[in-house]
Structure formats: structure tokens, C-alpha cells
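One letter stands for each residue in the lines below.
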Amino acid sequence: MSNAIYIILLGAPGAGKGTQAEVLHARFGLTHISSGDLFRENVARQTPLGVLAKSYMDKGELVPDDVTIKMVMERIARPDCARGVVFDGFPRTHAQAQALDAALAQQSKKIGAAVFIQVRDQVLIERLTARWSCPACGAVYNLLTNPPRSAGQCDKDTRALTQREDDKPETVRRRLAVYQQQTAPLIEYYRQTGLLRPVDGEQMIERVTAEVVAIAQAL
Ligand code: AMP
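These lines cover the structure that appears in this document, whether it is placed above or below. Throughout this document, residue positions are counted from 1 along each chain, in the order its sequence is written. Thresholds applied to this predicted model are a pLDDT of at least 70 for local features of residues and 80 or more for the giving and counting of side-chain atom pairs; totals over whole chains, interfaces and linings are not thresholded and use all residues. Values reported for side chains reflect all heavy atoms of the structure, with hydrogen atoms and water molecules removed beforehand.

### Overview of the layout of surface pockets
For step 1, the next point in the chain: Within this scheme a cavity is a closed region of a 1 Å grid, computed over the protein atoms alone, that accommodates a 1.4 Å probe without allowing it to escape, whereas a pocket is open but has protein on both sides within 12 Å along at least five of seven lines; lining residues each have an atom within 4 Å of a point. Grid points are joined across faces, edges and corners, and a volume is the space filled by probe spheres set on the points. In this model, the second largest pocket occupies a volume close to 210 Å³.
For step 2, the next point in the chain: In this structure, the second largest pocket is lined by Leu38, Glu41, Asn42, Arg45, Leu49, Val67, Lys70, Met71, Glu74, Arg75 and Arg78.
For step 3, the next point in the chain: When residues in the lining of the second largest pocket are grouped by element, the largest group, five residues, is from helix H4 (residues 65–76).
For step 4, the next point in the chain: Amino acids are sorted into nonpolar (Ala, Val, Leu, Ile, Met, Phe, Trp, Tyr, Cys and Pro), charged (Asp, Glu, Lys and Arg) and polar (every other residue, Gly among them). Here the lining of the second largest pocket is composed, by residue class, of four nonpolar, one polar and six charged. Runs of E in the DSSP output that reach at least two residues are strands. Runs of H or I that reach at least four are helices, and both are numbered from the N terminus.

### Brief notes about the packing of helix H2 (residues 35–45) against helix H3 (residues 48–57)
For step 1, the next point in the chain: Simply put, an axis is a line fit to the C-alpha atoms, just over the touching stretch for a helix, and the angle between two N-to-C directions goes from 0 to 180 degrees. Between H2 and H3, whose axes approach to 7 Å, the crossing angle comes to 120°. Our classification of the angle between H2 and H3 gives oblique. As for the relative orientation of H2 and H3, their crossing is left-handed in sense. On the side of H2, the interface is formed by Gly36, Phe39, Arg40, Asn42 and Val43, while H3 contributes Leu49, Gly50, Ala53, Lys54 and Met57.
For step 2, the next point in the chain: For the contact of H2 with H3, the per-class residue count stands at five nonpolar, three polar and two charged. Orientation is classified from the angle alone, with under 35 degrees giving roughly parallel, over 145 giving roughly antiparallel, 65 to 115 giving roughly perpendicular, and any other angle giving oblique. Working rule for handedness: look at the near helix, and if it is turned counterclockwise from the far one by less than a right angle, call the crossing left-handed; if clockwise, right-handed. It only takes one pair of heavy atoms within 4.5 Å for two residues to be counted as in contact.

### What to know about the packing of aromatic side chains
For step 1, the next point in the chain: Only centres within 6.5 Å qualify two rings of Phe, Tyr or Trp (six-membered ring in Trp) as a pair; their planes then separate them into stacked at under 30 degrees, edge-to-face at over 60, and tilted for everything else. Evaluated as defined, the whole model comprises two aromatic pairs.
For step 2, the next point in the chain: Ring centres of Phe87 and Phe90 lie 6.4 Å apart, and the angle between their planes is 45°; this geometry places the pair in the tilted category.
For step 3, the next point in the chain: Exposure categories follow from relative accessible area, calculated using a 1.4 Å probe and restricted to protein chains: below 20% of the type maximum is buried, above 50% is exposed, and the middle band is partly exposed. Take Phe87: its relative accessible area is 0%, and that puts it in the buried class.
For step 4, the next point in the chain: On the accessibility criterion, Phe90 (0% relative accessible area) is buried.
For step 5, the next point in the chain: Ring geometry for Tyr189 versus Tyr190: centroids 4.9 Å apart, planes at 90°, classification edge-to-face.
For step 6, the next point in the chain: Overall, Tyr189 belongs to the buried group, its relative accessible area being 16%.
For step 7, the next point in the chain: When its relative accessible area of 1% is taken as the criterion, Tyr190 is described as buried.
For step 8, the next point in the chain: Either the NZ atom of lysine or the CZ atom of arginine qualifies as a charge over a ring when it sits within 6 Å of the ring centre and within 35 degrees of the ring normal. The side chain of Lys59 reaches across the aromatic face of Tyr56, ending 5.6 Å from its centre.

Geometric descriptors of this kind do not, in isolation, establish any biological role.
As C-alpha cells, then:
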């Protein structure tokens, strides 16, 4: 692995982008930028951006490009991004992908790989609706595959687990439809630039991780 690397994790909601982003952060020291987490932080602090974003997030729609791009561009201008970044949930549209390319090019940097974590819709629905997390420390559990040791309680700090508003079944269906319409076309965008690295996201998590790590190591 050379210098600072910039990796995009592509894939539908529930594909495992957040989990793999944490692995890349821990293994390679990449800064983990999750646009969804940035929005959720703004929602929690009730900033004007948070209030606006919430109205889209609650419906499973994308937050408009102009505000999303501005938020992420401000984030990547911070010094911790110079050591490399793993993008999780961004870009989600062509406009976002182009804005990211342009911003990196300005700093003579570029994306090293767009890792596409592939998972079928049926599996995504099962995963997302079983996903619960700790409101205090952010630990994520899956009631089917990675349940907490004691039901409904965080292993780390015993807080009661909650379900993300947008992981409720109707919103999950809408998020998957939005993904197909607006984000799936990016797969072709990155294929054409030779950056696409598909990974089967339905394998055991250790296998997925091994493949993602190998892709990063080869950069
Ligand atoms: P996530 O945690 O990545 O699933 O994001 C949760 C929600 O935040 C999405 O359903 C969108 O409403 C919003 N969001 C996150 N990232 C983006 C993005 N790159 N573009 C537009 N909306 C986003």
C-alpha cells in the first residue's frame, strides 16, 4: 500500500459498508467518512442541516446533492483526511461522484478503488430490519447474525438498544428503491474508470473482510 489512499465503499443499505469501513480504519488508519453518520450527528444536535436532512432520511429519500456535497467537502478538507479516507455511503449520485473526483484532483489525489459489496435485496431486507444499535456508543448488532449477549442491551455499556427510524420495513423498501434508481448507476461509472472491485457481500463476514483488505493492500 502506497501513500494516502482513498477508497469508496459502494453497495446498497445493509450491504456491510459500515462494518468494512471500520476494518479499513483499524487496519490502515484511513479516516472513515460516513455521510449517513454526519447527517445523524447533525440531526442529534438539531442543526439547520440536521433538521433539513431528517425530513429526507425519515422517508428513505436522499438528501439533496448540494447540501450533501457541501457537508462532505467540508469534512474532507480537515487535516485527518490527508492520511487517506474510506468513504461509506458517499457518493450516492453521479453529481456526488463528480464532485468528489474534482475535489481530490484539486489536491492531486484520486480514488484508488471503488469496492462494490454485492448483496441481494431479500438478504438486505432481512439484515436491515434486524439491525439494532446502541444510542450511546453506536455499536451495531444484528438480531439474526450478531445479537447482543443479553437481549436488547448493548454489550459494551448495557444501554437499551434502539432501531434506526429508517430501518423500519416500509422505509427500508423505499431506501432500496432509491438505491436502485440513483446509486446503482455509479457501478457503471466506476467500472468505466477501471476502479470497480466487486466483492460478494453474502459470504461469511471474515471472507468479505479478507477480500476488502486484500484490495486495499494492493493499492
Ligand atoms: P446511511 O446511513 O448511509 O444508510 O444513510 C442514511 C440516510 O442518510 C440515507 O437514507 C439518506 O437519507 C441520507 N444520506 C446518507 N448519505 C447520503 C448521500 N451520500 N446522499 C444523499 N443522502 C444521503
